[in-house]
Amino acid sequence: MFDNVIQWLAYAASALACFWAWEKMFFWVVQKDMKAIIRILGAVLLFTPAPLSIESSDYAPAFIVILFRTFLENDAPVLDAVIYMLAGLFLGLILMSFLSLFNFLRAKFSPQN
């Protein structure tokens with residue numbers, strides 16, 4: 001009925017708006033690393049796709065797949081969607097650690113005023 005590209009573009013636009021609201025919700029967190037972890041959790045929650053079923057080529061947001069499989073299907077495997085979310089969290093934490101290392105090295109080797 002609808003083109004998949006148009007559906008994913010509409011979802012991406014709404015997910016970006018939700019991610020903006022996610023960041024505004026946690027304005028009270030002042031520690032930089034904790035704010036980065038919360039930002040990663042929001043990004044993984046909103047932007048991680050997972051297959052609708054194990055042999056399917058159609059994808060949906062992983063948290064939606066987990067919710068629908070848990071509450072609407074009987075004995076549906078949820079672990080594959082959870083693995084997609086955990087892989088996204090792992091990649092986000094690795095990127096955060098590289099960014100922290102880069103900022104540390106930049107601050108250490110930059111000329112002092």
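Draft legend 1. Inspection of the overall build of the protein at higher detail. The number of helices and strands found in the protein is 4 helices and 2 strands. Overall, the protein shows an N-to-C arrangement of helices and strands of α-α-β-β-α-α. Computed over C-alpha atoms, the radius of gyration of the protein comes to 18 Å, more than 25% over the 13 Å expected from 2.2 N^0.38 for 113 residues, which places it beyond the range of a compact globule. A burial count over the protein gives 23% of its 113 residues as buried. A sequence separation of at least 24 residues applies to 42% of the contacts in the protein between residues at least 6 apart. Total accessible area on the protein stands at roughly 8,700 Å², and carbon and sulfur atoms take up 73% of it. Both charge centroids of the protein, one from 7 positive and one from 8 negative side chains, sit 25 Å from each other.

Draft legend 2. Examining helix α2 (residues 32-47) more closely. Over its 16 residues, α2 extends 22 Å from the first C-alpha to the last, a length consistent with the 22 Å expected when each residue adds 1.5 Å. Within the sequence span of α2, burial applies to Ala 36, Ile 38, Ile 40, Gly 42, Val 44 and Leu 46. Looking at the buried side of α2, the elements it contacts are α1 (4-25) and α4 (79-109).

Definitions and cut-offs
- Counting of residues starts from 1 at the beginning of each chain's written sequence and follows it residue by residue.
- Thresholds applied to this predicted model are a pLDDT of at least 70 for local features of residues and 80 or more for the giving and counting of side-chain atom pairs; totals over whole chains, interfaces and linings are not thresholded and use all residues.
- The basis for every side-chain value is the complete set of non-hydrogen atoms in the structure, without hydrogens or water.
- Each helix corresponds to a stretch of at least 4 residues labelled H or I by DSSP, and each strand to a stretch of at least 2 residues labelled E; elements are numbered beginning at the N terminus.
- In this description the radius of gyration comes from C-alpha coordinates, and the expected globular size is given by 2.2 Å times residues to the power 0.38.
- Accessible area is worked out with a 1.4 Å probe on protein chains only. A residue is then buried under 20% of its type maximum, exposed over 50%, and partly exposed in between.
- For this analysis, residues touch if any pair of their heavy atoms sits within 4.5 Å.
- Each accessible area value is a Shrake-Rupley result obtained with a 1.4 Å probe; residue values ignore everything except the protein chains displayed when judging cover.
- Neither His nor the chain ends is counted toward charge; the positive residues are Lys and Arg and the negative residues Asp and Glu.
- To locate a charge, the coordinates of NZ of Lys, CZ of Arg, CG of Asp or CD of Glu are taken.
- Each residue after the first adds 1.5 Å to the expected span of a helix.

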